[in-house]
Amino acid sequence: MGDMRPIRNIVVLTGAGVSAESGIDTFRGGGGLWEKHRVEDVATPEAFARDPDLVLRFYDMRRAAIQTKQPNPAHFALARLEAEWPGRVSGGRVMLITQNVDDLHARAGSRNLISMHGEHLNAWCLSCDARSPWTGSLIDRPPCPNCGAVTLRPDIVWFGEMPYRMDEIYEALRDADLFVSIGTSGAVYPAAGFVRSARDGGAHALELNLEPSRGSAWFNETRLGAATEIVPAWVDEMLAGRTG
């Protein structure tokens, strides 16, 4: 990776490109339509207030679909990096931040994980603010397991809402020696700005993507290819110490 400071803390950001090879549809193809509705029209607080059945039906479908999918080699490679990096570098740490709302990173074994846009397999109660694991449907308005109120919604960060755990994310970016963005478009903020925050803190920045993202110019290095191929190869390289 050229001349750079020693790598101890690694921050990895993942987007839809990591899960695409597991068969997770982003609904961005075909004009971004779902049953003739724009995804933006079923993923906002305003849409939920206007037509909650439509929104709940969409997320019930997504929640059911995700449970039929499996982690792919990219997910498993990142979990292996997190598990083995501290043993290779004293005090080393890997933080994984995902824009994805599936649970494939967790199922692959990632533990130091921030799901900044929420999780399909959680339900959020608007009455008591509790998040509950949820694998069934919400369309029939089931009660909250915590307080009993009939006010559950998908635990998803919708357009116009603030992503989760942003203070932790920016602290990790400030401390990062290496920032790696995998399978992201570079179009969705605030995540698209993470590379600049990491670079401002002195981190080296690497992009692993199927094609250059909108933010490619901010990275020190870009490697192109399918996530299931280039992510395991990069992890093998890191754990073998071949980072130069």
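Criteria and thresholds
Residues numbered from 1 in each chain as written. Predicted model: local features only at pLDDT ≥ 70, side-chain atom pairs only at ≥ 80, totals over all residues. Heavy atoms only, no water. Axes fitted to C-alpha atoms, helices over the stretch in contact; angles between N-to-C directions. Helix = DSSP H or I, 4+ residues; strand = E, 2+ residues; numbered from the N terminus. Parallel < 35°, antiparallel > 145°, perpendicular 65-115°, else oblique. Contact = heavy atoms within 4.5 Å. Nonpolar A, V, L, I, M, F, W, Y, C, P; charged D, E, K, R; others polar. Expected span 1.5 Å × (residues − 1). Buried < 20%, exposed > 50% of the residue type's maximum accessible area, 1.4 Å probe, protein only.

Asker: Teacher, can you tell me more about the packing of helix α4 (residues 73-88) against helix α8 (residues 227-240) here?
Answerer: Working note: a packed helix pair is described by the angle between its axes plus the distance between those axes. Where α4 meets α8, the closest approach of the two axes is 9 Å, and the angle between their N-to-C directions is 10 degrees. With respect to α8, the axis of α4 lies roughly parallel. Seen from α4, the contacting residues are P73, A74, A77, L78, R80, L81, E84, W85 and R88; seen from α8, they are A227, T228, V231, P232, W234, V235, D236, M238 and L239. By residue class, the composition of the contact of α4 with α8 is 13 nonpolar, 1 polar and 4 charged.

Asker: Please clarify how the environment of L54 should be interpreted in this entry.
Answerer: Here L54 lies in helix α3 (residues 52-66). When the C-alpha atoms of L54 and H37 are compared, they prove to be 9.7 Å apart, with 17 residues separating the residues in sequence.

Asker: Just checking my understanding: could you explain α3 for this structure?
Answerer: Each turn of an α-helix holds 3.6 residues, which means side chains three or four residues apart point in the same direction. In a regular helix each residue adds 1.5 Å, so 15 residues correspond to 21 Å; α3 covers 21 Å between its end C-alpha atoms and thus fits that length. If you check which residues of α3 are buried, you get L54, V55, L56, F58, Y59, D60, R62, R63 and I66.

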